[in-house]
Amino acid sequence: MAGMPAENPKTRVPLPPVDAKVTTTACEYCPVACGYKVYTWPVGTEGGPSASENALGTDFPAPLLSGRWPSANMHSTVTIDGILQHVIVLPDPDAEHVNVGGNHSVRGGTLALKLYRPDGPTRDRLQHPLLRVNGTLQTISWDAAIDIIAEMIGHVVENHGELSMGFKHYSYEYFENNYLITKFAYEAIGTPNVAPHHNTGHGTDTPGLDDSGVDAFSASYEDYKEADVAMIIGTDPYETKTVAFTQWLAPGGAKLIQMDPRKTFTAAYAEKNGGVHLQVLPGTDAWAIGAIARYILEQGWEDSEFIENYVVHDRTEIDEDSAWRRRRFGLTYAEWQEGVLNNPELTLEEAAKITTVPVEKLRFAAELLAKPVDGAMPKSMLLYEKGLYWTHNYENTAVLGNLSVLIGARGRPGRATSRMGGHQRGGASGASYPKDKSPTEFEGNKLEMDCDRWTAEGKTRMVWSIGNDWINGSGASQYMASRLREMTREIGPQITSAIPANAIAALKARVDAGGMFIVQSDIYTNGTTEVADLVLPAATWGEEDFARNNAERRLRLYGKFMDAPGEAKPDWWAIAQVAQKMGFEGYDFKDSNELLEAYAPLSGGRKDFKQLGEWTKSKGIKLHDWLREAGTSGIQTPVVIENDEPTGTDRLHTDMSFKGGKSRFVIVDFDAIKERNELLGPNEDEVWVITGRVNHLWQSLYDDLRKPHLIQRYPVAFLEISPQDAGTWGIESGDMVAVESDRVRTQDLQTSFGGFTATAYVTDEVAPGQVFSFFHYPGSPGNSVVTGDAASTPQNPRQPFKFGRGKVTRIGSTNLAETMSFVPRNIV
């Protein structure tokens, strides 16, 4: 395809010499975060084939699956201290945790291809601050950029109020960055108009499970292997968390219950290996889960010992709870029993009609989860992700919480309820969130601010967007783009001079007239930079020492091993410069280690490493240096000091203490689910448009677009279509189709038009009446026809990203079948 980076097959890969520098890190991408070792050494030298002649300590040729064989995609050349050097990014063959022995995904196996090099596909990295002057981004100095941002934040807050200043930032890109972003936003600016990349506001994604008492990331990967049964809802772990599946789930032999509207690889694997696929109709998960719970209760298979000892039975405990949501939605065991047994829709027969899952499959799932084997309950895990909670956010997480309590799936080996993770866990709060200032409420209770709605309604005057494509990462993405374009391009003056004073004057006039000023910090341009007036170049993975957790709470250092291109700086540095320019104290950090040490005392809950920070300080050790020595094993948080040694936590809730004390059942409002399905689901002329990820691609393709090995698999956006619908519509694999809707619900509760094009991929992975596409393919994001209406989940405003609808129209043929594979991807 035109514009696609060409693959340049290598005939050989140099071996690192014995004196090559070795840096430990973890994969940039999925929540598993496999451990890697990075070998760097000057161009012009290399190691030999015998074990004594290379840093890998291996005789070559080595067996392909030895874990010590670097492929061509694991090698590149980069600049380090101004010197051109070889680099090999190799899955750690000595890893004792996560990717034991060097296992890895196709995404991680191409990490070397993401590195900046001026003569390769990554040469378009942002390297200097850019100011949009007369419609064109022009290079300016960091000093000028900092002056403009500092002056504009001050002006907006003083003249339009704190809520007019917004921040949209990643929640994964390391503790150091997020600590300072939130410290600046919450403490210095005092605004609640702050949202992570994937939500319209801060706060929990899993409120119903929280209210039932369980932490969202309570399990360890050892639990995956220990389990007899694993029920997986709303995610395909092979596609999106590959090593969690290949290293832990599959080898453990757990029978899988895969609940997913699509028949993916994991669904097919489940059915072939003694499990079951519950192919629910989108939006009906709660009935399937509720019916399974009711059947378990009717059969007497509940964990009565757990319920007797660790579950709330006294209504007074709920009524006197300190948390309003637990008071509002909490139930005793007796109250939940009465409700579930008196709901006729939760019989297997009625649930089968609603969900389209056969009765025998629902019954089999219940038997797998809870029917005693040789007198003992099976070790059952409940694993879930966005397909569950990005539809009916509160209700779906509540109904799963109830099932979890019923079968005691929490706090014990192989018996846990946990997210599998969408991305790695780098979220950090540098100060308390100012919820009291939020205009978003539910029944008089303050909630985290629905920032995207506030912005779409024209109430935000300035946003600093950091490390995310705000536009295309949102539901109703084309509407959001049009609103931001209107507020930045059509209201008030444009910048016509690069002189900071002149630019500031124009921007002040614009925001005072009701317009908007957007600053975008990133590594590449994207959809949001198209409406930004100021673009800042960021340093990223491998270019700075950073730390974060993976999905089993494993804290590790992602070591620096190369230079950032040009003048690119880590995002914490840019925040610190602006804060100091504005006169705020406490932002004079010398390096990223100081930031992690500053965050440690504030860390808490599942990310708690306070004691580790205190211990390293008492020993005169830098926290980054201790993590560096811990290598790819790291340590699982929470961390405590025992016998003068840091000790990690395998799994949470082992002491049977839960959020709010005991576990509890919670209300599931099935009428609200029906109303939301009616509001956001397709009509008789439309189909469900399901969006998600696939194995080869990560997030917005910010790296994959520049990796020939991966982008050639999906050179254009694709749309999975069932053979039945393809036959009716006259569509074949490789045809180009348009997916359009004039009923896209928007952030400000309007209805708008959205659409995207894609190549048809005819497959039985999707059921008739449903199609599937990648959520954020550049230029053709599935998010175009997905709802942006977070207010539809009022207890906890979250965009229901899994609610997409539209009409599919064939618009022509292509020659893609000559270069792109359309074979089934769910063959086991």
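Everything discussed here concerns the structure shown above.
Values in this document were obtained by computation on a predicted structure and should not be read as measured data.

Engineer: Can you walk me through the sheet that holds strand β2 (residues 35-42) in this structure?
Structural biologist: Note on sheets: strands pair through backbone hydrogen bonds, and any given pair is parallel or antiparallel. Read across the open sheet, the four strands follow the order β1-β2-β4-β3; overall the sheet is antiparallel. Of all the strands in the sheet, just β1 (21-26) and β3 (75-80) have a single pairing partner and so form its edges. In this sheet, adjacent strand axes meet at a mean angle of 35 degrees when their direction is disregarded. Summarising the sheet, β3 and strand β4 (residues 83-91) pair through six bridges and their orientation is antiparallel. What sits directly across from Thr-79, in β4, is Leu-84.

Engineer: Honestly, the pairing of strand β27 (residues 718-721) in this entry has me stumped. Any pointers?
Structural biologist: In the case of a regular strand, side chains alternate between the two sheet surfaces. Burial along β27 is two-sided: the face carrying Phe-718 and Glu-720 and the face carrying Leu-719 and Ile-721 are both buried. Pairing geometry for β27 and strand β29 (residues 751-762), over four bridges, is parallel. Looking across to β29, one finds that Leu-719 is bridged to Ala-760.

Engineer: What should I look at first to understand the side chain of Gln-795 in this one?
Structural biologist: Counting through the fold element by element, Gln-795 comes out in the loop between β30 (770-774) and β31 (805-812). Taking the relative accessible area as the measure of exposure, Gln-795 reaches 7% and is therefore buried. There is a polar contact of 3.4 Å between the side chain of Gln-795 and the side chain of Glu-395. Not counting residues up to four positions away in its chain, the partners in contact with Gln-795 are Phe-329, Tyr-394, Glu-395, Phe-442, Leu-447 and Arg-676.

Engineer: Whenever I open this one, the packing of aromatic side chains confuses me. Can you help?
Structural biologist: Each pair of aromatic rings is reported with the distance of its centres and the angle of its planes. Inspection of the entire model under this criterion finds 42 aromatic pairs. Measuring from centroid to centroid gives 6.3 Å for Tyr-221 and Trp-248, while their planes differ by 20 degrees, and the two rings are stacked. Pair noted here: Tyr-221 is in helix α4 (residues 221-226) and Trp-248 is in helix α6 (residues 242-252), with a separation of 27 residues, a long-range link. Under the relative-accessibility criterion, Trp-248 is labelled buried at 5%. Look at Phe-718 and Phe-772: their rings are 6.3 Å apart centre to centre, the planes differ by 40 degrees, and that puts the pair in the tilted class. Here Phe-772 lies in strand β30 and Phe-718 lies in strand β27, a separation of 54 residues in the sequence. When its relative accessible area of 2% is taken as the criterion, Phe-772 is described as buried. Aromatic ring contacts, followed pair by pair, group Phe-167, Phe-184, Trp-464, Phe-584 and Tyr-587 into a single cluster. If you follow Arg-548 out to its NZ or CZ, it ends over the ring of Tyr-558, 4.8 Å from the centre. The cationic tip of Lys-569 hangs over the ring face of Trp-573; the distance from NZ or CZ to the ring centre is 5.2 Å.

About the cut-offs
Numbers given to residues run from 1 along each chain, matching the order in which its sequence is written. Residue-level local features of this predicted model are given only where pLDDT is at least 70; pairs of side-chain atoms are given and counted only at 80 or more, and the full residue set underlies all totals for whole chains, interfaces and linings. Note: side-chain values were computed over all heavy atoms of the structure, leaving out hydrogens and water. Strands are treated as partners if at least two bridges between them are detected by DSSP. Working definition: helices are DSSP H or I runs of at least four residues, strands are E runs of at least two. Numbering for both runs from the N terminus. Inter-axis angles, ranging from 0 to 180 degrees, are taken between N-to-C directions of lines fitted to C-alpha atoms, where helices are fitted over the stretch in contact. The classification of residues rests on relative accessible area computed with a 1.4 Å probe and restricted to protein chains. Under 20% of the type maximum is buried, over 50% is exposed, and intermediate values are partly exposed. Pairs of N or O atoms are called polar contacts if they sit within 3.5 Å, as long as, within protein, a hydrogen donor faces a hydrogen acceptor (for residues adjacent in sequence, only side-chain-to-side-chain pairs). Contacts are assigned to residue pairs that have any heavy atoms within 4.5 Å of one another. In summary, the pairing rule links any two rings of Phe, Tyr or Trp, Trp by its six-membered ring, whose centres are within 6.5 Å, and it sorts them by plane angle into stacked for under 30 degrees, edge-to-face for over 60 and tilted for everything else. Charge over a ring is defined by NZ of Lys or CZ of Arg lying within 6 Å of the ring centre and within 35 degrees of the ring normal.

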